[in-house]
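If you want the building blocks of each chain, they are given just below.
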Amino acid sequence: MSSILVLHGPNLNLLGQREPEVYGFTNLEDINSLLEEEAKKLSVVIVALQSNHEGVLVDAIHAARNEHQGILINAGAYTHTSVALRDALTAVMLPTVEVHISNIYQRETFRHHSYIAPVVLGQISGFGAESYRLGLQALVNYLSKSS
Ligand code: CA2
């Protein structure tokens, strides 16, 4: 059975508590439950990790090489700043889908650029918590076709 690493970047632990007009009322626990439910339907397992620290996320990506078949990532603000995350994803060469709760292209211009977009399979942005479900479906669909 395929195992997927779900990575949540900085400040996503605050979901549901602040800025509901941008990120909705769903908290991170709800998103992980939604993903667990979807993973069962898709016959995969997920392991979720949230960190506010870039190096922790980099280490998790490195460790995923021997543990998981794919990565689902919301890199949060590191999306727009982190060459380190991009290099880690490039190095491990695991199929990866990037997701965002908000539509980053409808927001400030600094959010329009993603450092990781060029090294992932694809990006889903703007569907609220559903972006994660759609991302997991896309990743598992890719894995089933490539195995
Ligand atoms: O839309 C997304 O999923 C983002 O990745 C969320 C990031 C933001 O920096 C990206 O541009 C787009 C922010 C993570 C959550 O930030 C919160 C801040 C305050 C309250 C709740 C969440």
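Residues numbered from 1 in each chain as written. Predicted model: local features only at pLDDT ≥ 70, side-chain atom pairs only at ≥ 80, totals over all residues. Heavy atoms only, no water.

Enquirer: I would appreciate a short explanation of the nonpolar core in the present structure.
Expert: Grouped burial of nonpolar side chains is what soluble globular proteins tend to show. The biggest cluster of nonpolar side chains holds 22 residues, and the ones touching the most others in it are Ile4, Ile31, Leu35, Ile46, Leu72, Tyr132 and Leu136. Contributing elements (two or more residues each) for this core: strand S1 (3-8), helix H2 (28-42), strand S4 (96-100) and helix H5 (130-146). The contact partners of isoleucine 46, leaving out residues within four places of it in the chain, are Ile4, Val6, Asn32, Leu35, Glu36, Ala39 and Leu136. Counting 18 residues, the second largest nonpolar core, distinct from the first, contains Ala64, Tyr78, Leu94 and Ile116. (Core = buried A, V, L, I, M, F, W, Y, C linked by side-chain atoms within 4.5 Å. Buried < 20%, exposed > 50% of the residue type's maximum accessible area, 1.4 Å probe, protein only. Helix = DSSP H or I, 4+ residues; strand = E, 2+ residues; numbered from the N terminus. Contact = heavy atoms within 4.5 Å.)

Enquirer: I would appreciate a short explanation of the site of the ligand in the present structure.
Expert: In the vicinity of the ligand there are 17 residues, among which Asn74, His80, Ile101, Ser102 and Arg111 approach most closely. Within the side chain of histidine 80, an N or O atom sits 2.7 Å from an oxygen atom of the ligand. Alone, the ligand offers 510 Å² of accessible surface; in the complex the protein occludes 93% of this. Of the residues contributing to the shell around the ligand, the split by class is 8 nonpolar, 6 polar and 3 charged. (Near = heavy atom within 4 Å. Polar contact = N/O pair within 3.5 Å; in protein donor to acceptor, adjacent residues only side chain to side chain. Areas by Shrake-Rupley, 256 points an atom, 1.4 Å probe, with all protein chains shown as cover. Nonpolar A, V, L, I, M, F, W, Y, C, P; charged D, E, K, R; others polar.)

Enquirer: Explanation requested: the side chain of arginine 111 in the structure shown.
Expert: Considering the arrangement of structural elements, one finds arginine 111 in the loop between S4 and strand S5 (122-125). Classification of arginine 111 by relative accessible area gives buried; the value is 16%. Within the structure, arginine 111 has its side chain in polar contact with the side chain of glutamate 108 (distance 2.7 Å). Apart from the residues lying within four places of it in its own chain, the contact partners of arginine 111 are Tyr23, His80 and Ile104.

Enquirer: Looking at this model, I keep getting lost on the pattern of salt bridges. Mind explaining?
Expert: Opposite charge on two side chains makes pairing possible when the charged atoms of those side chains draw close. Counted by the stated rule, this structure contains 4 salt bridges. Between glutamate 108 and arginine 107 there is a salt bridge, with the nearest N and O atoms lying 3.9 Å from each other. Residue glutamate 108 is classed as partly exposed on the basis of its relative accessible area of 36%. Residues glutamate 108 and arginine 111 are paired through a salt bridge, measuring 2.7 Å at the closest nitrogen-oxygen approach. A cluster of three or more residues bridged by salt bridges with shared partners is formed by Glu38, Glu130 and Arg133. (Salt bridge = Lys/Arg side-chain N within 4 Å of Asp/Glu carboxyl O.)

Enquirer: In this structure, what is going on with the packing of helix H3 (residues 54-64) against helix H4 (residues 83-92)? I would like to understand it.
Expert: Two quantities define a packed helix pair, namely the angle between the axes and the distance from one axis to the other. Contact pair H3 / H4: the axes reach a minimum separation of 9 Å and the direction vectors enclose 5°. With respect to their mutual orientation, H3 and H4 come out roughly parallel. Note on element contacts: H4 touches H3 through Ala84, Leu85, Ala88, Leu89 and Val92, opposite Glu54, Leu57, Val58, Ile61 and His62. Here the residues of the contact of H3 with H4 sort into 8 nonpolar, 1 polar and 1 charged. (Axes fitted to C-alpha atoms, helices over the stretch in contact; angles between N-to-C directions. Parallel < 35°, antiparallel > 145°, perpendicular 65-115°, else oblique.)

Enquirer: It is not clear to me how the UniProt feature "site: Transition state stabilizer" (unreviewed entry) in the chain should be interpreted in this structure. Could you clarify?
Expert: Under the UniProt annotation, "site: Transition state stabilizer" (unreviewed entry) lies at Arg18. Arginine 18 sits in the exposed class, given a relative accessible area of 54%. (UniProt positions renumbered as here; feature names shortened; annotations may be inferred.)

Enquirer: Looking at this structure, how should I read H2?
Expert: Since the α-helix packs 3.6 residues into each turn, any two residues three or four apart lie on the same face. End to end, H2 covers 21 Å across 15 residues, agreeing with the expected 21 Å (1.5 Å per residue, within 8%). Every buried residue of H2 is accounted for by Leu28, Ile31, Leu34, Leu35, Glu38 and Ala39. End-on view of H2: buried residues confined to an arc of 140°, all on one side of the axis. Across H2 from its buried face, at more than 90 degrees, point the exposed residues Glu29, Lys40 and Lys41. At its buried positions, H2 is contacted by S1, strand S2 (45-50), strand S3 (70-74) and H5. The backbone nitrogen of glutamate 29 has a side-chain oxygen 3.1 Å away, supplied by the residue at the start of H2, namely asparagine 27. Count one or two residues on from H2 and you reach serine 43, which has phi positive near 60°. (Expected span 1.5 Å × (residues − 1). Arc of directions from axis to C-beta.)

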